[in-house]
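# Examination of the molecular architecture
Chain residues, written in single-letter form:
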Amino acid sequence: QATDSVEMTFIQTNLFDLGNDTILCDTQTLRLNAFVSNATYLWNNGSTSSEILVNDNGLYSVDVSIGNCVASDIINVQFILNHISLI
């Protein structure tokens, strides 16, 4: 007779959300935060921080890894001019 045990850990993949696609005025910035305890991060701009500050148009995505599990999210951020030219 033999016995064995297996330890399994389940990780929720919806622990973070970058939010809805966003339009901001060109004078604003947007802080994107993907913090999850005990995770590592890889943003499409190469950053490995849990958060980034956005001030340019574009798609921003992040892979959040805990062990062998990876969750991803993406957001489209657009900036519009915040002034009116008088002729």
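Structural data are supplied above this passage.
A brief look at the structure comes next. None of these values were measured; they are calculated from a predicted model.

### Structural notes on the overall build of the chain
The number of helices and strands found in the chain is zero helices and six strands. Listed N to C, the secondary structure of the chain is β-β-β-β-β-β in terms of helices and strands. Considering the chain as a whole, with its 87 residues, one finds that 28% of them fall into the buried category. Across the chain, contacts joining residues at least 24 apart in sequence account for 44% of those joining residues at least 6 apart. Of the accessible surface of the chain, which amounts to about 6,700 Å², a share of 49% is contributed by carbon and sulfur atoms.

### A look at the pairing of strand 3 (residues 40–43)
Along strand 3, the buried face is formed by Tyr41 and Trp43; none of Thr40 and Leu42, which line the opposite face, is buried. Note: strand 3 against strand 5 (residues 58–66), four bridges, orientation antiparallel. In the sheet register, Trp43 faces strand 5, and the bridge partner there is Val62.

### Quick look at the nonpolar core
Residues Leu32, Ala34, Tyr41, Trp43, Val54, Val62 and Val64 are the most contacted members of the largest nonpolar core, which totals 20 residues. Of all elements in the fold, only strand 2 (30–33), strand 3, strand 4 (51–54), strand 5 and strand 6 (69–80) reach the threshold of two or more residues within this core. With sequence-adjacent residues up to four places away left out, Val62 is seen in contact with Phe16, Leu18, Ala34, Tyr41, Leu42, Trp43, Ala71, Ser72 and Asp73.

### Quick notes on unusual backbone geometry
Notably, Asn38 is not glycine yet its phi reads approximately 65°, a positive angle. The topology assignment puts Asn38 in the loop between strand 2 and strand 3. Given the relative accessible area of 70%, Asn38 is considered exposed.

### A few points about the sheet that holds strand 3
Within the open sheet, the four strands sit side by side as 1-6-5-3. Their pairing is mixed. The open sheet is flanked by strand 1 (22–25) and strand 3, the only strands paired with a single partner. Pairwise comparison of adjacent strand axes, ignoring direction, gives a mean angle of 30° for this sheet. As paired elements, strand 1 and strand 6 share four bridges and run parallel to each other. Following the sheet pairing, Thr22 is matched in strand 6 by Val77.

### Overview of the environment of Ala39
Along the chain, Ala39 turns up in the loop between strand 2 and strand 3. Between the C-alpha atoms of Ala39 and Val70, which are 31 residues apart in sequence, the distance is 9.4 Å. Residues contacting Ala39, with those up to four places away along its chain left out, are Val64, Ser65 and Ile66.

Thresholds applied
- Residues numbered from 1 in each chain as written.
- Predicted model: local features only at pLDDT ≥ 70, side-chain atom pairs only at ≥ 80, totals over all residues.
- Heavy atoms only, no water.
- Helix = DSSP H or I, 4+ residues; strand = E, 2+ residues; numbered from the N terminus.
- Buried < 20%, exposed > 50% of the residue type's maximum accessible area, 1.4 Å probe, protein only.
- Contact = heavy atoms within 4.5 Å.
- Areas by Shrake-Rupley, 256 points an atom, 1.4 Å probe, with all protein chains shown as cover.
- Pairing = 2+ DSSP bridges.
- Core = buried A, V, L, I, M, F, W, Y, C linked by side-chain atoms within 4.5 Å.
- Axes fitted to C-alpha atoms, helices over the stretch in contact; angles between N-to-C directions.

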